[in-house]
Amino acid sequence: MKVRFADCTLDIAARRLMRGGCEAHLSPKAFELLRVLVDNRGRALSKAELLEQVWPGVFVSDASLARVVTEVREAVGDDARNARIIRTKHGFGYAFGAAVEDVAAGRPAPAAAGCTCWIVWRK
């Protein structure tokens with residue numbers, strides 16, 4: 001899967017993040033966090049869910065998650081105070097907030113979770 005958001009392109013298969021035409025380097029855990037957030041766009045993920053998906057079976061603190069979120073935000077050009085890509089859900093967790101386009105199809109990628117509804121109005 002290859003998706004575009006903001007000025008970034010995320011290639012899951014190649015494990016590459018491009019921003020503004022240049023490769024943005026992410027640690028393995030930061031890449032995995034970004035992948036999980038993109039895969040679950042459209043819904044907020046709790047800290048517990050993220051810790052289990054990014055560090056399965058390993059005890060890590062919320063501080064480790066916060067550090068990796070900061071790394072991802074820096075790589076995608078986001079800011080915690082004016083978050084538009086990685087949004088903090090205070091007291092709960094994080095959510096992916098950018099519009100995502102499927103690069104292969106050249107159209108908006110469907111949300112991974114939930115449903116997409118269309119309303120057709122004809123007079």
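These figures come from a predicted structure and were not determined experimentally. (Residues numbered from 1 in each chain as written. Predicted model: local features only at pLDDT ≥ 70, side-chain atom pairs only at ≥ 80, totals over all residues. Heavy atoms only, no water.)

Let's talk about the pairing of strand S1 (residues 2–5)
(1) Moving on: Where burial is concerned, the two faces of S1 differ: the one with Val-3 and Phe-5 is buried and the one with Lys-2 and Arg-4 is not.
(2) Moving on: Note that S1 and strand S2 (residues 8–11) share four bridges and pair antiparallel. Note that in S2 the partner of Arg-4 across the bridge is Thr-9. (Buried < 20%, exposed > 50% of the residue type's maximum accessible area, 1.4 Å probe, protein only. Helix = DSSP H or I, 4+ residues; strand = E, 2+ residues; numbered from the N terminus. Pairing = 2+ DSSP bridges.)

Thoughts on the packing of aromatic side chains
(1) Moving on: With the rule as written, the count across this model stands at one aromatic pair.
(2) Moving on: Relative to Phe-96, the ring of Phe-5 has its centre 5.1 Å away and its plane inclined at 90°; by these criteria the two rings are edge-to-face. Taken together, the residues Phe-5 in strand S1 and Phe-96 in strand S7 (residues 93–96) connect sequence positions 91 residues apart. As far as burial versus exposure is concerned, Phe-5 and Phe-96 are alike and both buried. (Phe/Tyr/Trp six-rings, centres within 6.5 Å; stacked < 30°, edge-to-face > 60°.)

Observations concerning the packing of helix H1 (residues 28–39) against helix H2 (residues 47–54)
(1) Moving on: At their nearest, the axes of H1 and H2 sit 10 Å apart, and the two run at 125° to each other. One finds that H1 runs oblique with respect to H2. By crossing handedness, the relation of H1 to H2 is classed as right-handed. Of the residues in H2, those touching H1 at Lys-29, Glu-32, Leu-33, Val-36 and Leu-37 are Leu-50, Gln-53 and Val-54. (Axes fitted to C-alpha atoms, helices over the stretch in contact; angles between N-to-C directions. Parallel < 35°, antiparallel > 145°, perpendicular 65-115°, else oblique. Left-handed = near helix turned anticlockwise from the far one by under 90°. Contact = heavy atoms within 4.5 Å.)

Description of the nonpolar core
(1) Moving on: Membership of the largest hydrophobic core comes to 33 residues, with the highest contact counts inside it found for Phe-5, Leu-10, Leu-17, Leu-33, Leu-34, Ile-86 and Phe-96.
(2) Moving on: The set of elements that each furnish at least two residues to this core consists of S1, S2, H1, H2, helix H3 (62–76) and S7.
(3) Moving on: Looking at which element gives the most residues to this core, the answer is H1, with seven residues.
(4) Moving on: Apart from the residues within four sequence positions on either side, Leu-33 is in contact with Leu-50, Val-54, Leu-65, Val-68, Val-69 and Val-72. (Core = buried A, V, L, I, M, F, W, Y, C linked by side-chain atoms within 4.5 Å.)

Overview of the environment of Asp-102
(1) Moving on: Examined against the element boundaries, Asp-102 turns out to sit in strand S8 (residues 101–102).
(2) Moving on: Of the residues examined, Asp-102 reaches a relative accessible area of 25% and is grouped as partly exposed.
(3) Moving on: Sequence spacing of Asp-102 and Arg-4 is 98 residues, and the spatial spacing of their C-alpha atoms is 6.5 Å.

Comments concerning the confidence of the model for the chain
(1) Moving on: Per-residue pLDDT for the chain averages 87, and the proportion of residues at 70 or more is 85%.
(2) Moving on: Taken element by element, the chain is modelled with least confidence in strand S9 (residues 107–108), mean pLDDT 55, and with most confidence in H1, mean pLDDT 97.
(3) Moving on: For the stretch residues 112–120, pLDDT sits under 50, and the model shows six contacts to residues farther than four places along the chain or on other chains. (pLDDT = per-residue confidence, 0-100.)

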